[in-house]
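Given next are the chains, with one letter for each unit.
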Amino acid sequence: MFAPSLLLEVGTTQIETVETLLQVGRYLVIFLAARALAELMVRLKLPTILGELVAGVLIGVTGLHLILPPAVHAELNQTMLDLVGGCAGVSPETVAEIYSESFPSLEATSKLGLYALLFLTGLESELDELMAVGKQATTVALTGVVLPFALGTAGLYLLFHVPLFPAVFAGASMTATSIGITASVFGELKFLKTREGQTVIGAAVLDDIFGIVILAVVVALAGDGVLAAGPILQLVLAAAVFVAVALFLSRTGAPVFDWILDRLKAPGEVVVAGFVVLGLCCFVAEAIGLEAALGAFAAGLILSASKHTKAIQQSVKPLVALFATVFFVLIGSALDLSVMNPLNPDNREGLVVALFLLTVAIAGKVAAGWSYISKEKTNRLVVGLGMMPRGEVGLIFLGLGSQAGILSAPLEAAILLMVIGTTFLAPLLLRLALNGVEVPTEAPADGSADRPTEQAA
């Protein structure tokens, strides 16, 4: 809602013109920049989310200042303000004010992209595969969550004197594993059906569950500003019960969903029904004091056992391609990478923090490859490297931490560099580790199946 003084200063029609120009212009800038850099990443055989992040940095605080969250208090690109103001017949100052007032609509689109992405991640979490690799995946996942979380949090708090909440959140951001990036590399190299491939995929599914539960708890605690044993246990229990119910409903509720969907005839029934479940789960998660992000992921878990899962995935992926792009670009647009400039002495501690996070993020996941007992011959280095990329899940942590105001600018940049570093290095190191290794001709004895290699990232 625009201020009365602004309505007196310019006409309603002019305000609507400016708002429309800004909204259309934002999406044009976001999609053109993101797609151009995503195409470059594809040709370099790198995840496209890196291109979307770089696009955000380019058009945001560190680059052209075309798209800026009002919270960063940076000045918008003057040429852009002059252009929009000239088209609408208002002053650049008025354009800047309308820009700030209307920015929440873009953030709402970004949040829709976040929920759609988490929903898709849950849909692609094939629980039968997780059961097939059992003990190994569970041990790898637990080690891959506990080690980075504990070492990252303790190191930031004790060595770098980062306040406790930001330290806990940064530690939590290192628990994630990107299923899509690892699966795509294993699939490309024909190792997805091997014991290593199935163990990593199973562990990555558990990592997502553990990591998003931790995320929901930390963000909820940050909102209260209290880090006490009682609220922590209450939230952890609520999150655990919530996920357990979602896993139960994936076996009992999915058939009911299928029965209803089979009786719907209007066009778009698959995506609409899926988003109804998504909305219900987000509502319930928020109602019991957790994050809606956990509800979105749980909705995907519930429908992952549906006979219509493939159709739901295909209907959701175009929405993710659009709206998750906005989410990733907005993350990049709010980041000021000048705090990582090594020529500025004030930034050197932040660079050391970034190097520390990257080291712990790599070491914690690689160590997880040696954390289980198996009589079968297993390439443990490959398992560890497969757990390394944080990818889109790490960026979800970063985005929610930024929105909640938990992180300082240097710590945001340090987490971003950790996510980019692990996402960039994992495919390269996996290819090196598997170079010359003979591809097994048979699937593992447990009979676990292949999974889709495509992912929103």
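Just so it is clear, the model here is predicted, and its values are computed rather than measured. (Residues numbered from 1 in each chain as written. Predicted model: local features only at pLDDT ≥ 70, side-chain atom pairs only at ≥ 80, totals over all residues. Heavy atoms only, no water.)

Participant: What's the story with the overall build of the chain in this structure? I'm lost.
Facilitator: In terms of helices and strands, the chain carries 17 helices and 0 strands. Within the chain, the proportion of its 457 residues that are buried is 53%. Relative to all contacts within the chain whose residues are 6 or more apart in sequence, the contacts with residues 24 or more apart total 79%. (Helix = DSSP H or I, 4+ residues; strand = E, 2+ residues; numbered from the N terminus. Buried < 20%, exposed > 50% of the residue type's maximum accessible area, 1.4 Å probe, protein only. Contact = heavy atoms within 4.5 Å.)

Participant: Would you take a moment to explain the packing of helix H4 (residues 78-88) against helix H5 (residues 92-123) for this structure?
Facilitator: Packed helices, taken two at a time, are described by their axes: the angle between them and the distance between them. The N-to-C vectors of H4 and H5 enclose an angle of 100°; their axes lie 8 Å apart at closest approach. Comparing the axis directions of H4 and H5 gives the class roughly perpendicular. Mapping the contact onto sequence places Gln 78, Leu 81, Asp 82, Val 84 and Gly 85 in H4 and Pro 92, Val 95 and Ala 96 in H5. In terms of residue class, the contact of H4 with H5 is built from 5 nonpolar, 2 polar and 1 charged. (Axes fitted to C-alpha atoms, helices over the stretch in contact; angles between N-to-C directions. Parallel < 35°, antiparallel > 145°, perpendicular 65-115°, else oblique. Nonpolar A, V, L, I, M, F, W, Y, C, P; charged D, E, K, R; others polar.)

Participant: What exactly am I supposed to notice about the packing of helix H3 (residues 48-59) against helix H13 (residues 309-333) here?
Facilitator: It is at 6 Å that the axes of H3 and H13 come closest, and there the two elements cross at 45°. The orientation of H3 with respect to H13, classified from their angle, is oblique. Relative to H13, the crossing made by H3 is right-handed. Packed against H3, whose contacting residues are Ile 49, Glu 52, Leu 53, Gly 56, Val 57 and Ile 59, the element H13 presents Thr 325, Phe 328, Val 329, Ile 331, Gly 332 and Ser 333 at the interface. In the contact of H3 with H13, the residues fall into 7 nonpolar, 4 polar and 1 charged. (Left-handed = near helix turned anticlockwise from the far one by under 90°.)

Participant: Please explain the pattern of salt bridges as it appears in this structure.
Facilitator: Between side chains of opposite charge, a pair can form as their charged atoms come close. Enumeration according to the criterion identifies 4 salt bridges in this entry. Of the charged contacts in the structure, one is a salt bridge between Arg 35 and Glu 52, with a shortest N-O distance of 2.7 Å. In this pair, Arg 35 sits in helix H2 (residues 12-43) while Glu 52 sits in helix H3, placing the two residues 17 residues apart along the sequence. Look at Glu 52 and you get buried, because its relative accessible area is 4%. (Salt bridge = Lys/Arg side-chain N within 4 Å of Asp/Glu carboxyl O.)

Participant: I'm lost on H4 in this one. Help?
Facilitator: By the burial criterion, the buried members of H4 are Met 80, Leu 81, Val 84, Gly 85 and Ala 88. Along the axis of H4, the buried residues cluster in a sector spanning 125°; they form a single face. Turned more than 90 degrees off the buried face of H4, the exposed positions are Thr 79, Leu 83, Gly 86 and Cys 87. Its buried side turned inward, H4 meets H2 and H5. Regarding H4, its N-cap is Asn 77, as a side-chain oxygen of that residue lies 2.9 Å from the backbone nitrogen of Thr 79 further along. After H4 finishes, the residue Gly 89 shows a positive phi value of roughly 75°. (Arc of directions from axis to C-beta. Polar contact = N/O pair within 3.5 Å; in protein donor to acceptor, adjacent residues only side chain to side chain.)

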